[in-house]
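Here is how the chains run, residue by residue.
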Amino acid sequence: MEPVFRTLEIAAKAVIKVWGSQIAYENLQNIPQTGGAVIAINHTSYVDWLFAGLAVHQRGRRIRYLIKAEMQQVKVVDYLIRHTKTIPVDRQAGAEAYAVAVQRLREGEVVGLMPEATISRSFELKEFKTGAARMALEAGVPIVPLIVWGAQRIWTKDRPKTLGRNKIPITVAVGRVLAPEGRADELTAVLRDEMTSVLYRVQQEYPHPRGAYWVPRRLGGGAPSPAEAARLEDQEAAVRAASRAAREPRPGWPGGKG
C-alpha cells in the first residue's frame, strides 16, 4: 500500500487542482503495466517529476526516482526519500545508487531519471548521459521515453515561480518503447532521437507566443540558444566550484593539513 506514497499521490492531484493545470496525456499505453522499466524524462523545470509521476500513476504504477543525495539534508525530503523507495545519488560516487536502481528494475519496479542530468535552460534536449541505457541493458528491461512540456512555465531556472492558480496546460507524451539492445552509447543515441521526435511533435501542437521566455529560440521564443545556455551552465559550475573551494579547509588552517 505504501501509505507515504499514497499520501503524495493525493497531494499531487490536489496541487494540480489548485494550479488549475489541464494535463493532456498521450500514448500512456506505452508505459508497461507490469515488470521493470526505465522512464527517461526530459528536464526543463523543477516539477517535471510531478507530471511524469502522475502519468505513470495513470497506468497503476509508481515511479522510483533517482534524486541528488544533497536533498537528504532537508529533513522532510529525507523522510520522503526513505519511505518512497527514492534512490539518492552521490554525483561524485554514483556506483551504489546505480546498483540499487538496477536491482529495483530486476524486481519489477519502474525507475525514473532525466538523462540530461540538469535542467535545460534552452528547453531543447541537451546531451544525454548513458545511465538510463546502461541500467536498461544490465537489468534487461525496456526504456520508455517521456516528454513533459509546459512545466517550464511553472518553475524553471532563472525565473520566478508561478505556483498559484496559473491554469497552464501541460502535455505529457510517451514515445515508443525501446528494447534493451546494443551498446549503451548506441541505445542512448536512439533514445535521444526518439525523445527529440516526440518533443518536436508536442511543440507543434502547443501554442507558443513569439518572444516568450519559455519558448525555445528555434520556435521564435526568448529562451537562450543551446550555445548560450551552455555558457550559462559553465559560469554556474565555476561559481559552485569556487564556493566549494572556499568551504574546504586550507593547509595550515584549523582543520587543514600542514
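Before reading on, note that the structure itself is shown above.
Below is a short write-up of the structure. Keep in mind it's a predicted model, so treat the numbers as computed, not measured. (Residues numbered from 1 in each chain as written. Predicted model: local features only at pLDDT ≥ 70, side-chain atom pairs only at ≥ 80, totals over all residues. Heavy atoms only, no water.)

Some points on the overall build of the protein chain
The helix and strand tally for the protein chain stands at seven helices and seven strands. Start at the N end of the protein chain and walk to the C end: the helices and strands fall as α-β-β-α-β-α-β-α-β-α-β-β-α-α. Rg of the C-alpha trace for the protein chain: 19 Å, near the compact-globule value of 18 Å for 258 residues, within the 12% margin. Across its three principal directions, the C-alpha atoms of the protein chain cover 60 × 45 × 40 Å. Out of the 258 residues in the protein chain, the part that is buried amounts to 46%. (Helix = DSSP H or I, 4+ residues; strand = E, 2+ residues; numbered from the N terminus. Rg over C-alpha atoms; globule rule 2.2 N^0.38 Å. Buried < 20%, exposed > 50% of the residue type's maximum accessible area, 1.4 Å probe, protein only.)

Considerations on the pairing of strand 7 (residues 170–174)
Regular strands place their side chains on alternate faces of the sheet. Strand 7 sits mainly inside the fold: five of its five residues count as buried. Side chains Ile-170, Val-172 and Val-174 project from strand 7 onto one buried face, and the interleaved Thr-171 and Ala-173 project onto a second face that is buried too. In the sheet, strand 1 (residues 23–26) pairs with strand 7 via four bridges, with the strands oriented parallel. Pairing of Tyr-25 across the sheet is with Val-172, part of strand 7. Pairing analysis gives four bridges linking strand 6 (residues 143–149) to strand 7, with the strands arranged antiparallel. Within strand 7, the residue paired with Trp-149 across the bridge is Thr-171. (Pairing = 2+ DSSP bridges.)

A word on the pairing of strand 2 (residues 37–41)
Of all five residues in strand 2, five are buried; the element is thus mostly enclosed. Burial along strand 2 is two-sided: the residues Ala-37, Ile-39 and Ile-41 and Val-38 and Ala-40 are all buried. When strand 2 meets strand 5 (residues 110–113), the two strands line up parallel, connected through four bridges. Residue Ile-39 lies in a different strand from strand 5, and its bridge partner there is Gly-112. Inspection of the sheet shows strand 2 paired to strand 6 by four bridges, in the parallel sense.

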